[in-house]
Structure formats: structure tokens, C-alpha cells
Amino acid sequence: MTTATRFAAIQMCSTADVASNNRAIEGFVREAAGLGATIVSLPEAANILLKDNLQYAGTCVAEDDDTTLALCRRLAAELRIWLHDGSLLIRTEDGTRIWNRTHVISPTGDIVARYDKLHTFDVKLGDGHDFRESRAVQPGEGPPVVVDLGASNVRLGLSICYDVRFAALFRMLATAGANVLMIPASFSPVTGPAHWETLLRARAIETGSYVVAAAQCGTRDGVHTHGHAMIVSPFGEVISSLGEEPGVIVADIDPAEVEETRRRLPGLTQGRDLRPTMTVFAGSLS
């Protein structure tokens, strides 16, 4: 028998000031725990956001020295919660780039899982909105990561921001047992209004999973992020959301709802492995 677990998704406006970001994180995590959440998610780049990607390697620190990670571990242990830190920007071992890395932290303060963002945001949107995240971020190479939280029957499928556009990743996570897809983000204000909610709901509907999407919002140093943190049901309904201001949303998530949705709409088990074919027309069109 399963029971519902209360999740919280935090929306922040992180800046270049790590100490200020840490104070905001602590306040929001304590607020989320006070609302009864036992699994709390931060957004992408919770520890720091800079205007210039090329400054990250010289500004970020190694994982063992990151004060935000240390804070998250302390808060998880003190509040006895699972803390998904969204992602932290961590200097790579050779110091040339950074990892965009998620940590899942247990109620004892232990790091039980890591995930490095697989798909970097390399896009050409035009009008001054071209991005090349790979200049700063080393893409992850590991397999998809599912984290079993034990007695709650919650199994988290890990991803970060731009990953949301790659549906195959989420199908792999769901078929590996994930029933809650974590999609922390710092989403573009250009694509956000058109794509953000649509993509989140699509990933939920395709896999019959909950989606928890903590987000960055607001403007700092001339850089704007879309906001609109959301929690989406396995049927694709937005059950909790925010606008463009920092804050906390909560929702009660029941793994039994995932099982029921997948029973009613068995897309994961009925999907066929279709391979593309190409037809070449060699004649004339006269």
C-alpha cells in the first residue's frame, strides 16, 4: 500500500553572490519543510548564476569546497528531509569547465546520487539570444539515473533543464522505474512562454509520471529567466505552479496514481520499437 508524499519545488532568483543565494536557499528549504514537504527540490544553478558563461571555470569551486552543497547536506540532516539540490555549478577536476550537477541528499545528509546534465543548451535563437552552454559546461556521459527513496515507493528520475527536450531520456527513466521526473531549470525567456509548460506536460503524459520542475526566475545582471515552477500529474494536469516571483510550491504525490495512470494508458508497455526506413526516388518528375 502506498501513501502520498509531499514534494516542494522552490523558485529562486540566484545571482553571482553565493552567500546571498545560500541565505535564500536556507529560508526556502525551511519554509518548504514547515509546509510538510519531505522531498524538496531546488532549481538549476541554485548556487550561482553569472552573465558570462566563460567566467564560471574561474569562479566556481570543486565539489568538496562548495558551500551550497555543504548547506544542503546540513539542512537535509537537520530537517530530516530528502533534498534534491536542483543543480549546482561545480568546477571540473581539470579546472577548464564546470559540471552542471544534481545531488540527491538523504535525511542523514548523505549524497546518495549524482547526475551531470547530459544535453547542453547550444542553440541559435537569434536577436541576441544565442547560447552555447558547452563553452562552460562539460556534458555528462553517464547512464540515466533513477533514485529509489525506499519505503515511500518514490523513485526519482534525474534530469536538468535542456534535457527536457529529449523525450527518449525520460522514456528510459520511466522504464527503469522512475515515477517522479525531476526537471530543475533556468529556462530561457524566449522559449519559456512557448515551450516550458508544453514540454513538462508532454514528459508527464508520455511516461505516466509526475513531473517536479523547480525553476529560476527574475532578472539579475541583465539576464532574465522564465520562472513558472510547476508540479504536473501523471495525467498531464498542472497541480501546482508559480508565476515569475521567488517562492515555494507543494503537492502531495502518490505513486499509486502513477501505477493507475500507466494501467489506463499503457504507453510504456505498448510502445513499439520502430526503426526508420528511407525511400529513395530515383526517377524523373516530368
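Throughout what follows, the structure given in this document is the object of discussion. Remember, predicted model here, so these are calculated numbers, not experimental data.

### Here we look at the pairing of strand β6 (residues 111-116)
Examined bridge by bridge, strand β5 (residues 98-105) and β6 share 5 bridges and lie antiparallel to one another. Residue pairing across strands places Thr102 opposite Tyr115, the latter belonging to β6.

### What to know about the pairing of strand β16 (residues 238-241)
Judged from the 3 bridges that link them, strand β15 (residues 230-232) and β16 form a sheet pairing that is antiparallel. Counterpart to Val232 in the pairing with β16 is Val238.

### So, the packing of aromatic side chains
Counting across every chain of the model gives 2 aromatic pairs. Considering the side-chain rings of Tyr162 and Phe166, the 5.6 Å spacing of their centres and the 80 degrees angle between planes classify their relative orientation as edge-to-face. Aromatic pair Phe187 and Trp196: ring centres 4.8 Å apart, planes at 50 degrees, arrangement tilted. Assessed through its relative accessible area of 1%, Trp196 is described here as buried.

### Details of the sheet that holds strand β9 (residues 146-148)
Read across the open sheet, the 6 strands follow the order β9-β10-β11-β12-β15-β16; overall the sheet is mixed. Where the open sheet ends on each side, the last strands, each with one partner, are β9 and β16. Strand-to-strand, the axes of this sheet are offset by a mean angle of 20 degrees, without reference to chain direction.

### Regarding the packing of helix α1 (residues 18-34) against helix α3 (residues 67-79)
Two elements in contact, α1 and α3, have axes whose closest approach is 10 Å; the angle formed by their N-to-C orientations is 20 degrees. The pairing of α1 with α3 is recorded here as roughly parallel in orientation. Once α1 is placed against α3, the crossing between them reads as right-handed. Between α1, through Val18, Asn22, Ile25, Glu26, Val29, Arg30 and Ala33, and α3, the contact on the second element is made entirely by Thr67, Thr68, Leu71, Arg74, Leu75, Glu78 and Leu79. Its residues assigned to classes, the contact of α1 with α3 comprises 7 nonpolar, 3 polar and 4 charged.

### Quick word on the pattern of salt bridges
Inspection of the entire model under this criterion finds 13 salt bridges. Between Glu78 and Arg74 there is a salt bridge; the shortest N-O distance is 3.8 Å. Of the two residues, Glu78 and Arg74 are both situated in helix α3; the distance of 4 residues between them amounts to about one turn of the helix. Looking at Glu78, the relative accessible area reads 45%, which means it is partly exposed. The partner of Arg201 in a salt bridge is Glu197, with the nearest N and O atoms 3.4 Å apart. On the criterion of helical spacing, the pair formed by Arg201 and Glu197 is a turn pair, its members being 4 residues apart in helix α5 (residues 192-207). Given a relative accessible area of 33%, Glu197 falls into the partly exposed group. Because the salt bridges share partners, they merge into one network encompassing Glu26, Arg30, Arg74 and Glu78.

### Considerations on the state of the cysteines
Counted by the stated rule, this structure contains 0 disulfides. Free cysteine Cys60: the closest other cysteine sulfur is in Cys72, separated by 15 Å. Cys60 sits in the buried class, given a relative accessible area of 5%.

### A few points about the layout of surface pockets
If you roll a probe as big as a water molecule over the atoms, it shows you where there is empty space left. Its boundaries defined by the atoms lining it, the largest pocket holds a volume of some 790 Å³. For the lining of the largest pocket, the secondary-structure elements that each account for two or more residues are β5, β8 (130-132) and β14 (223-226). For the lining of the largest pocket, the residue count by class is 14 nonpolar, 10 polar and 11 charged.

### Focus on unusual backbone geometry
Among all residues save glycine, negative phi is the norm, and among peptide bonds the norm is trans. Phi is positive for Asn153, close to 65 degrees, though the residue is something other than glycine. Following the sequence through the fold, Asn153 ends up in the loop between β9 and β10 (155-158). The class for Asn153 is partly exposed, based on a relative accessible area of 28%. Unlike most non-glycine residues, Asp221 shows phi in positive territory, near 50 degrees. If you trace the backbone, Asp221 turns up in the loop between β13 (215-220) and β14. Assessed through its relative accessible area of 56%, Asp221 is described here as exposed.

Definitions and cut-offs
- Residues numbered from 1 in each chain as written.
- Predicted model: local features only at pLDDT ≥ 70, side-chain atom pairs only at ≥ 80, totals over all residues.
- Heavy atoms only, no water.
- Pairing = 2+ DSSP bridges.
- Helix = DSSP H or I, 4+ residues; strand = E, 2+ residues; numbered from the N terminus.
- Phe/Tyr/Trp six-rings, centres within 6.5 Å; stacked < 30°, edge-to-face > 60°.
- Buried < 20%, exposed > 50% of the residue type's maximum accessible area, 1.4 Å probe, protein only.
- Axes fitted to C-alpha atoms, helices over the stretch in contact; angles between N-to-C directions.
- Parallel < 35°, antiparallel > 145°, perpendicular 65-115°, else oblique.
- Left-handed = near helix turned anticlockwise from the far one by under 90°.
- Contact = heavy atoms within 4.5 Å.
- Nonpolar A, V, L, I, M, F, W, Y, C, P; charged D, E, K, R; others polar.
- Salt bridge = Lys/Arg side-chain N within 4 Å of Asp/Glu carboxyl O.
- Disulfide = S-S within 2.5 Å.
- 1 Å grid on protein atoms, 1.4 Å probe; cavity = no way out; pocket = protein on both sides within 12 Å on 5 of 7 lines; lining within 4 Å.
- Points joined across faces, edges and corners; volume = space filled by probe spheres on them.

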